[in-house]
Amino acid sequence: MLAAKPTHVRAALLLHDSLNIYIYLFTPIKLSNMRHLCSALLLLSCLFAMIPSGFAQKRTISGKITDATGKGMPFVNVAVKGTNIGTTSNDQGVYSIDVPSGSKTLVYSFTGHGTQEINLTSSNEIDVRMAPSVSELETVMVTALGIERTKKNLQYSISQVQGELFNRARENSVANSLAGRVAGVNVTKIASGPAASSRVVIRGAKTLGSTLNQPLYVVDGVPIDNTNFGQAGIWGGADQGDGMNSINPDDVASITVLKGASAAALYGSRAANGVILVTTKKGSSRKGIGVELNSNYVFEKVNNLTDFQTQYGSGGYSGTTLQNAVAKKPSSLDELWNSWWSYGGWGPKFDGSPVVQFDGVTRPYQYAGDNWKRFYETGSTFTNTIAFSGGSETQNFRFSAANLNNEGVIPNSGFKRVNLSLSTNSVYAKKLTVSTKILYSKENAENRPNVSDSPGNGILALYYLPGDYNVLDFKGDPNKLGAVPSLEQQADQGIKIFDQKVPGEEFQVGPNLWTQNPYWAAYQLINSDERDRVIATGNVRYDFTDFLYVSGQAGMDWFTKRGTQQSAPQGTGHNRGGGISEYENRARETNFQFMVGFDKTFDKIGVNAFFGGNRMRRYNEYLGLNGDGFNTPFFNVISNAKNKTYSYDFYEQGIESLFGSVEVSYNNYLFVTGTARKDWFSVLNPENNSIVYPSIGASFVFTDALKIAPTWLSFGKARLSWAQVGNVNSVRPYQTTLLYGASSTHAGAALGGFASGQNFPNPNLIPFTSTELEFGFELRFLRNRLGLDFTYYDQKTTDDILDAAISRTSGYTSTTVNLGEMTNKGVEILLTGKPMVGEFTWDISLNFAKNNSEVVSLIDGQTELIADPFTAEPRVRMVFIKQIVGYPYGMITGKTQLKDPATGLPVFNADGAPIQDGKYSIIGYGVPDFTGGLNNSFGYKNINLSFLIDFKSGGDIFSGTNARMTQAGLTKQSLLGREGEAPLTVSGVIQDGTNSNGDPIYKPFTKTLTPGEAQHYWDRLGNEDEGGSADKFVYDASFIKLRQVTLDYTLPRKLFTKTPIQNVMVSFVARNLAILHKNVPNIDPESSYTSSNNQGLDYFGFPATRTYGFNVRLIF
Amino acid sequence: MNYTRKIIFSIAVGTALVTACNKDSLHELNINPQALNSINPNFMFTSAQLGAASGSSPLIGDNRYLDWRTNIGMASTAIQQMGTIGGISNIGDKYGDNSETSSAPFEFYYPHLTELSEVLTQTGPGGASEGKYANLRQAARILRVFLFQRLTDFYNRVPYFETMQAAQGVFFPKYDSQKEIYADLFKELEEATAAFGAADPSDGFAAADLYYGGDIGKWKKWGYSIMLQMAMRVSNVAPDWANTYVAKAVAGGVFQSNADNALVPMAEGPSVWIDQNGISRAYIPGDGGEPAFLSKRLIDFLKGPDATSTADDDPRLMILTGGIGDWTPTGFTPVTTDPLKMKGLPNGNDQNRLDALEGHTVNVATTYSRINPLLLDRDEDYMMMNYGEVELLLAEAAERGIGGLTAAAAQGHYEAGVKASMQMYTIYDPSFVVSDAEVAAYLATYPYGSRPKLEMIGEQYWVNHFLNWWEAWSNWRRTSGDPTSPNGYPVLTPINFPGNVTNGTIPQRLKYPNIEVGNNPNFTEKELGMNNYTTRVWWAGGPE
């Protein structure tokens, strides 16, 4: 252990100093306040002054870098070969770099323009012309464990997305920006508000387990915690966000997606779902301090996709039989209230006559207009980032500060974020390189909206409003929105409080205590949290020679999430006493890593090898205070609670690893790599707590090797690889032994329970294995004007770890098991083209992927299985997402209308209502199997226009929203059969006795329903119980969306020649502008409310929004 | 420099760093500092006792769901003691379909059976506490029988023999017939009641036992009382069993007074979710706020045939109802508490039909008698079984000559049962005193035998189970399964609301939870075939 200390201590010291600065910086800072920033910079300078500078003999090389047309090229990387010394060209293409004596070569590189190496002569001026991309293949890519390789070497598919593509038109969570960008990466933005989590699935779902198939996120070489803090399930709730919400897109230089097992193999047990490497920006050698300012302001508007009927309002059907029932509007407040007529639209046709409403006030019986427009606000997101960078050849830094302020479309909600980042690099005596990065973020989610089930879900309440209701009438007390108004106000406005609530309590929409007044939900419910997070990395590398190095890395992701939840303030319909909870969650993940590396070329043979180890620890502690009932009325704070309880949770876990890799290349066109990693886990029992993950791959650049390629083929490479990775993240700590916990006390007696709750622990769990074979090729044609990258993969998961739902009668509701086999096979295709080059440029890129998944086997003897019933069943309880042997991952199953087995015709009862089949049948595919995106970019002089269209198909969605809205008489289909509308005729069979075996006999049945029967038909159809038919509400979830548009204009330099400003770019930016194609009515096909593995369920999620606005970037 | 040495040195140091912690210390990380390797089985028993009351425990969550969804949502109105025009009770009032109402007992009882199973495993052969906690073990067996009886009474076939065997790898138990389950429950009761020993002050049972404070005599009486109830339940389909077990129960000793009643103490805190009475929480306005009107059927019964006189009223009339009035979050404001003006809400109506029935727009809130809020304090005791019902069961057994009892004894049991039923309400409020004289007057007004005896017994059994509507519903279903009394006791008039799912018949069972239908491979066509509200359970004349 002693040997670790120097590295460890150094990293810790750096961290400590920087933290102090941040503390100073953060506390008083208003980011717009330049004085504080200046103070901060002063402090920073002090910090750098403390770091001793290296001294060496040097000379300065300068010059201009131009592109193919002779224009100066900004931001070209210039590096001294064999060192960490580097700079970039300014916006005119001019660069200047200090070169130590003894250095022989400068390396110039730029994305899309390959790399050029120029040997130094006696001249101190070198002008370089960058050819338009000999190949991106020469681009240096960050691969697993932060190892940099040129793309040409790689034996597997890897995709890099430049920060440029998502830091102008942006999302609050960077993960959502990947939608449509990378073949085989399926991104779902969860329909749960501005600070919600994302679901990113790479090459199809590998596991049914609780890792939710989310990739490992690594920021600057350090894995970060991407824990999902909770999400909505069958009983509603709010998505509590995940780890990627912390990252400021302005700090991201690039994101690399390691899609397959081979690419990710070196991460071993954490890599089964792929890895997303986020590389943040760093400083570079330059003269003076560079300053970059970016300001982004976008509006956000709800994209109302509903197309409901607007001719029938509050009311219902009444009669002694279904046949004679007629639509009736309320004749008294009693009738309205007791018949639950303040929801839905089953009344008669609007006639403008006066009619009593929920609050006893009489208003005209006519369409009241668009309540969505009245309730939802225009949201906005204002983001400002300032970054400073500078340094010499031996020391450089980049510091940035950013502030994001989001006002949500739901009133009184939003998301705020402050980011600070600092990165430094220092080289001592040419041998020792020390680099540190610290990212600090403070996120503040204000009132995360509830989705899915109704309690606290104002979105649902708004959906249910009858057409003649105006949501503004629900505001109630102007000083406490959503609350019962004062007695004076009641008298003034003639309001009658039918629900017997007193002023200050919830002003109820109707008798259903569980449906919240939307204003009460928005203004009185609290679900806010604040997260302080530090992601820190320290790297030390010592180069013994130019081919042998050792390096050490320490990284930490540490955060505290402090929240207040008041899902039911005092006076809430379903919880009059009210309750509150205050909680704090502290989490820390640390990684210590060392590596010994060797990189040398012997004539034509190159060898690149390294060996290393990693030690990971994760810790999580939760403290919660819960109170219910309040002594002083309406004083909703924890210390005023009548009853107080607390909750506590704690866990720790660790993984220890050794790994190694050997790459051998021949003549720079044939590469063979083998890697291995062994992991030991704390969460499994010692008998089976380790596993080895191997990989091997080869790539062959045949255009270089064979030299017989036709002239139209500029480049050709084939690659083949095989690897095994795994995952144990689905095993929570302490899950392998049945343990007990004593909890509270009732009437003086202690209550006991199981520490693992209703999950039955399994002592025999083993790590699961994902084995993948991948091959592909890359071809470039016509001098790189056209490119094709093709990948085929064949992946298999065995011994998947899953909390399987088991029968409650077994004693528990779930057990953790290793089970069966699942496969994913697919292709990924990336087509790139440059139809136009020159003054007018046009770049086009099209990516798409097809994934075929199959559940091959489950637990012995089981052909079907439900994982996580909380999210597998929607609130319309006639559907389960199931895994079924022989079918793709995540099938939607549901209760359908009973069919006559002989004829297949639907069975009705005598009233013409559907009879429900009690069994669950397959009714759809929950996950799309075809995804992709098309990006076009046009450039002309200072103007650049680009837009991204993305698409998914092959998946279905069960829309609980449509089922409920049909039941409530609000969808247009529910018009059929009403008085004065087209009649509803049903046709099928009806039971006519039973045969001698007791089986039903059916006879043909056709009936044109009376309005009363028709209302009953629709009411039954969208109801989960008797008559409910899930198949009637499953829709093809395919879509094509205009996901992103950016229009950039770079101002002419001459406008500000006499200012320090070097570059100004103004952009119009937009996200989610339009849905170009969809098949599901009234909702967004992407309105999944959960980021869990149970996809394909919609139920009153957060409405789709579009954002548009401006981005301004200034460079000094 | 020798690079080889450097490489070897670096690798050695690094590897040592990573693997400094050997397998054991890595494993130490996986020892939960907040959990125990073993637990005092008393603690598990107390959890189950609390959970049995209203489905709550630290693990399961909100205490009101079980009672609200099923006892109130289905049983209270299906058995026509409560009436409603809205709320979950509509399901029982109008014979609708609702997954939560149907599946709640299944979802909320099995977890407590897990806790009981843990007690039995630990105190059983090979368990950590084998041979210890002898009385706790027998009490756990009795409570287990009580819960399993309820489960099978609601669903007919349920998993029984293969349950609670996750540790043996049985994750999807098969379903067993009610007949087999009853046979085993009888055996369990017989063994458990016999196996109680003398109280052992050192075993902690007295402090842990929420029901009887460790009083072994009372546990035995409850065990035999359950045996009596079960025996009578099967009396139409298994008369031999009824004979055998009524006799055994009587010989063993059933409840002797209201002091023997099985009561679960509830409390205001520390948490509303598990400590407060779930029935109260479901009714209290704002805290669930289920409409709380007594049905016409019940009010008419309590008022007696002469609506213009209080002389023939049941003394329980103004105990069960608090009068007609507004019950708001700020309190109950009676419009009238005049017994003559009490009026029940007729079952099977919505506002429209009521308006038509009454001939004017009805203000429901101020028209019909409410449940008495004094029965519904949040810390009200939850009653599992009482002495009055035991006497009434004995009266029926005697009347039918079951278990060696003779008809001569019937009247005595009947009158004792009525008396106990009337006098058991003082636990809810000290003002709920019914004097011996009032009881006597009532019995004189309605002498035993003045109407068909079994019907009188059945009606009293029905009134006795106000709040415990589960049992009132089960007993009605059982008596309606008797070919000689197809209407059941009491005689109820089924309603036929448009769109009901039972063809206008009173529901006979609950439907299974969706998760069982969708996920348990041992849920077979047999269970699927009876998965509706109309198939009778075995003891009510339905399939095994």
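Residues numbered from 1 in each chain as written. Chains lettered and ligands numbered in written order. Predicted model: local features only at pLDDT ≥ 70, side-chain atom pairs only at ≥ 80, totals over all residues. Heavy atoms only, no water.

**Some words on the overall build of chain A**
Right, on to step 1. Tallying secondary structure elements over chain A gives 12 helices and 55 strands in all.
Right, on to step 2. Relative to the globule expectation of 32 Å for 1116 residues, the C-alpha radius of gyration of chain A, 32 Å, shows essentially globular dimensions.
Right, on to step 3. Over its C-alpha atoms, taken along the principal directions, chain A stretches across nearly 105 × 70 × 70 Å.
Right, on to step 4. Looking at chain A as a whole, 62% of its 1116 residues qualify as buried.
Right, on to step 5. In chain A, the share of contacts with a sequence separation of at least 24, taken over all contacts with a separation of at least 6, comes to 69%.
Right, on to step 6. Per element, the accessible surface of chain A, about 39500 Å² overall, is 57% carbon and sulfur.
Right, on to step 7. A gap of 7 Å separates the mean positions of the 99 positive and 98 negative side-chain charges of chain A. (Helix = DSSP H or I, 4+ residues; strand = E, 2+ residues; numbered from the N terminus. Rg over C-alpha atoms; globule rule 2.2 N^0.38 Å. Buried < 20%, exposed > 50% of the residue type's maximum accessible area, 1.4 Å probe, protein only. Contact = heavy atoms within 4.5 Å. Areas by Shrake-Rupley, 256 points an atom, 1.4 Å probe, with all protein chains shown as cover. Lys, Arg positive; Asp, Glu negative; His and termini not counted. Charge placed at Lys NZ, Arg CZ, Asp CG, Glu CD.)

**So, the overall build of chain B**
Right, on to step 1. Counting its secondary structure elements, chain B contains 23 helices and 9 strands.
Right, on to step 2. Its C-alpha atoms put chain B at 115 × 55 × 50 Å along the principal axes.
Right, on to step 3. Across the 544 residues of chain B, 64% fall into the buried class.
Right, on to step 4. In chain B, 74% of the contacts between residues at least 6 apart in sequence involve partners at least 24 apart.
Right, on to step 5. When the accessible surface of chain B is totalled, it reaches about 17300 Å², and 53% of it is carbon and sulfur.

**Observations regarding the interface of chain A and chain B**
Right, on to step 1. In this complex, chain A contributes 113 residues to the contact, which on the side of chain B involves 111 residues.
Right, on to step 2. The three residues of chain A that bury the most area against chain B are Tyr740, His746 and Thr809 of chain A, which together make up 9% of that side's buried surface.
Right, on to step 3. Linking chain A with chain B are 3 salt bridges.
Right, on to step 4. Ionic pairing is found between Arg877 of chain A and Glu107 of chain B, a salt bridge with its closest N-O pair at 3.9 Å.
Right, on to step 5. Counting across the chain A and chain B interface gives 35 residue pairs in polar contact (both at pLDDT 80 or more). (Buried area = accessible area lost by both parts, 1.4 Å probe. Salt bridge = Lys/Arg side-chain N within 4 Å of Asp/Glu carboxyl O. Polar contact = N/O pair within 3.5 Å; in protein donor to acceptor, adjacent residues only side chain to side chain.)

**Structural notes on the nonpolar core**
Right, on to step 1. Ranked by internal contacts, the top residues of the largest apolar core, which has 253 residues, are Trp222, Ile371 and Phe466 of chain B.
Right, on to step 2. The element that contributes the greatest number of residues to this core is helix H7 (residues 134-155) of chain B, accounting for 12 residues.
Right, on to step 3. Beyond its immediate stretch of four places on either side in the chain, Trp222 of chain B contacts Ile142, Leu143, Phe146, Tyr211, Tyr212, Phe255, Ala262, Met384 and Met385 of chain B.
Right, on to step 4. Within the second largest apolar cluster, 39 residues are counted, among which are Ile147, Leu216, Phe610 and Ala723 of chain A. (Core = buried A, V, L, I, M, F, W, Y, C linked by side-chain atoms within 4.5 Å.)

**Examining the confidence of the model for chain A**
Right, on to step 1. With 93% of its residues at a pLDDT of 70 or more, chain A shows a mean pLDDT of 87.
Right, on to step 2. Note that pLDDT drops below 50 for residues 1-56 of chain A; the model gives that stretch 67 contacts with residues more than four away or on any other chain. (pLDDT = per-residue confidence, 0-100.)

**Some thoughts on the pattern of salt bridges**
Right, on to step 1. In the structure shown here, the tally under the stated rule is 76 salt bridges over all chains.
Right, on to step 2. Salt bridges linked by common partners bring Asp453, Glu873, Arg875, Arg877, Arg964 and Glu1024 of chain A together with Glu100 and Glu107 of chain B together as one network.

**A few points about the side chain of Asp313 of chain B**
All names here are of chain B.
Right, on to step 1. Tracing the backbone through its elements, the reader meets Asp313 in the loop between helix H14 (296-303) and helix H15 (317-320).
Right, on to step 2. Although Asp313 is buried, it makes no salt bridge; Lys303 carries the closest opposite charge, 6.9 Å away.
Right, on to step 3. Each residue touching Asp313, except ones within four places of it in the same chain, is listed here: Leu302, Lys303, Pro339 and Tyr442.

**A short note on the environment of Leu210 of chain B**
Right, on to step 1. Here Leu210 of chain B lies in the loop between helix H9 (205-208) and helix H10 (216-233).
Right, on to step 2. A relative accessible area of 10% places Leu210 of chain B in the buried class.
Right, on to step 3. With 33 residues separating them in the primary sequence, Leu210 of chain B and Ser177 of chain B have C-alpha atoms 32 Å apart.
Right, on to step 4. Setting aside residues up to four positions removed in sequence, Leu210 of chain B forms contacts with His746, Ala747 and Ala749 of chain A together with Thr46, Gln49, Leu50, Leu263 and Pro265 of chain B.

**A look at the confidence of the model for chain B**
Right, on to step 1. For chain B, per-residue confidence averages 93 on the pLDDT scale, and 97% of positions sit at 70 or higher.
Right, on to step 2. Scored as a whole, the predicted complex attains pTM 0.87, and scored at its interfaces, ipTM 0.92.

**Some thoughts on the sheet that holds strand S2 (residues 77-80) of chain A**
The pairing of strands in a sheet happens through backbone hydrogen bonds and is either parallel or antiparallel.
Residues and elements named next belong to chain A.
Right, on to step 1. Read across the sheet, 4 strands follow the order S3-S2-S5-S6 without closing on themselves; strand pairing throughout is antiparallel. The sheet is open, and its two edges are formed by strand S3 (86-88) and strand S6 (115-119), each paired on a single side. On average, each strand axis in the sheet is inclined to that of its neighbour by 20°, with strand direction left out of account.
Right, on to step 2. Sheet topology places S2 next to strand S5 (residues 105-109); 4 bridges connect them, and they run antiparallel. Bridge pairing links Val78 to Tyr108 in S5. (Pairing = 2+ DSSP bridges. Axes fitted to C-alpha atoms, helices over the stretch in contact; angles between N-to-C directions.)

**Thoughts on the pairing of S2 of chain A**
Residue and element names in this part refer to chain A.
Right, on to step 1. Burial of S2 is one-sided: the residues Val78 and Val80 facing one way are buried, the residues Asn77 and Ala79 facing the other way are not.
Right, on to step 2. In the sheet, S2 pairs with S3 via 3 bridges, with the strands oriented antiparallel. By the bridge assignment, Ala79 is partnered in S3 with Gly86.

**Regarding the environment of Trp722 of chain A**
Right, on to step 1. Residue placement: Trp722 of chain A occurs in strand S33 (residues 713-727).
Right, on to step 2. Leave out the neighbours within four places in its chain, and Trp722 of chain A touches Ser262, Pro694, Ser695, Ile696, Thr771, Glu772 and Leu773 of chain A.

**Describing the sheet that holds strand S50 (residues 1000-1008) of chain A**
All names here are of chain A.
Right, on to step 1. Judged by pairing direction, the sheet is mixed, and its 3 strands sit side by side in the order S44-S49-S50 without closing on themselves. Every other strand in the sheet has two partners, leaving strand S44 (907-908) and S50 as the edge strands with one partner each.
Right, on to step 2. Relative to S50, strand S49 (residues 985-994) runs antiparallel, the two being bridged by 8 bridges. The residue of S50 that forms the bridge with Ser987 is Thr1006.

**What to know about unusual backbone geometry**
Residues and elements named next belong to chain B.
Right, on to step 1. For the bond running from Gly269 to Pro270, omega is 10°, close enough to zero to count as cis.
Right, on to step 2. Position of Pro270 relative to the elements: it lies in the loop between strand S4 (262-264) and helix H12 (272-275).
Right, on to step 3. Of the consecutive residues Tyr489 and Pro490, the connecting peptide bond is found in the cis state with omega at -5°.
Right, on to step 4. As for its placement among the helices and strands, Pro490 is situated in the loop between helix H21 (469-480) and helix H22 (514-519).

**As for the pairing of strand S30 (residues 641-666) of chain A**
Successive side chains on a regular strand alternate, one facing one side of the sheet and the next facing the other.
All names here are of chain A.
Right, on to step 1. Bridge analysis of strand S29 (residues 605-630) against S30 gives 25 bridges, and the strand direction is antiparallel. Its bridge partner lying in S30, Phe610 is registered against Ser661.
Right, on to step 2. Here S30 pairs with strand S31 (residues 670-681) via 12 bridges, running antiparallel. Of the residues in S31, the one forming a bridge with Gly660 is Ala676.
Right, on to step 3. With antiparallel pairing between neighbouring strands as the criterion, S30 and S31 make up a hairpin whose turn holds 3 residues, including Asn667 at a positive phi of roughly 55°.

**Digging into the packing of H7 of chain B against H21 of chain B**
All names here are of chain B.
Right, on to step 1. Across the interface, H7 lies against H21 with an axial gap of 11 Å and an inter-helix angle of 55°. In terms of axis orientation, H7 runs oblique to H21. H7 and H21 meet at a crossing whose hand is left-handed. When H7 is examined against H21, the residues Arg150, Asp153 and Phe154 are found in contact with a partner set consisting of Trp470, Trp473, Ser474 and Arg477.
Right, on to step 2. Of the residues contributing to the contact of H7 with H21, the split by class is 3 nonpolar, 1 polar and 3 charged. (Parallel < 35°, antiparallel > 145°, perpendicular 65-115°, else oblique. Left-handed = near helix turned anticlockwise from the far one by under 90°. Nonpolar A, V, L, I, M, F, W, Y, C, P; charged D, E, K, R; others polar.)

**Describing helix H17 (residues 387-400) of chain B**
All names here are of chain B.
Right, on to step 1. The terminal C-alpha atoms of H17 lie 20 Å apart, and with 14 residues this matches the ideal 20 Å at 1.5 Å per residue to within 8%.
Right, on to step 2. With respect to burial, H17 is a largely interior element, 12 of its 14 residues being buried.
Right, on to step 3. All of the buried residues in H17 are Tyr387, Gly388, Glu389, Val390, Glu391, Leu392, Leu393, Leu394, Ala395, Glu396, Ala397 and Ala398.
Right, on to step 4. Contacts from the buried residues of H17 go to H10, helix H11 (239-252), strand S9 (382-385), helix H18 (410-422), helix H20 (453-464) and H21.
Right, on to step 5. For H17, the N-terminal capping position is held by Asn386, with its side-chain oxygen 3.0 Å away from the main-chain nitrogen of Gly388.
Right, on to step 6. Phi for Gly401, located one or two positions after H17, is positive at around 65°. (Expected span 1.5 Å × (residues − 1).)

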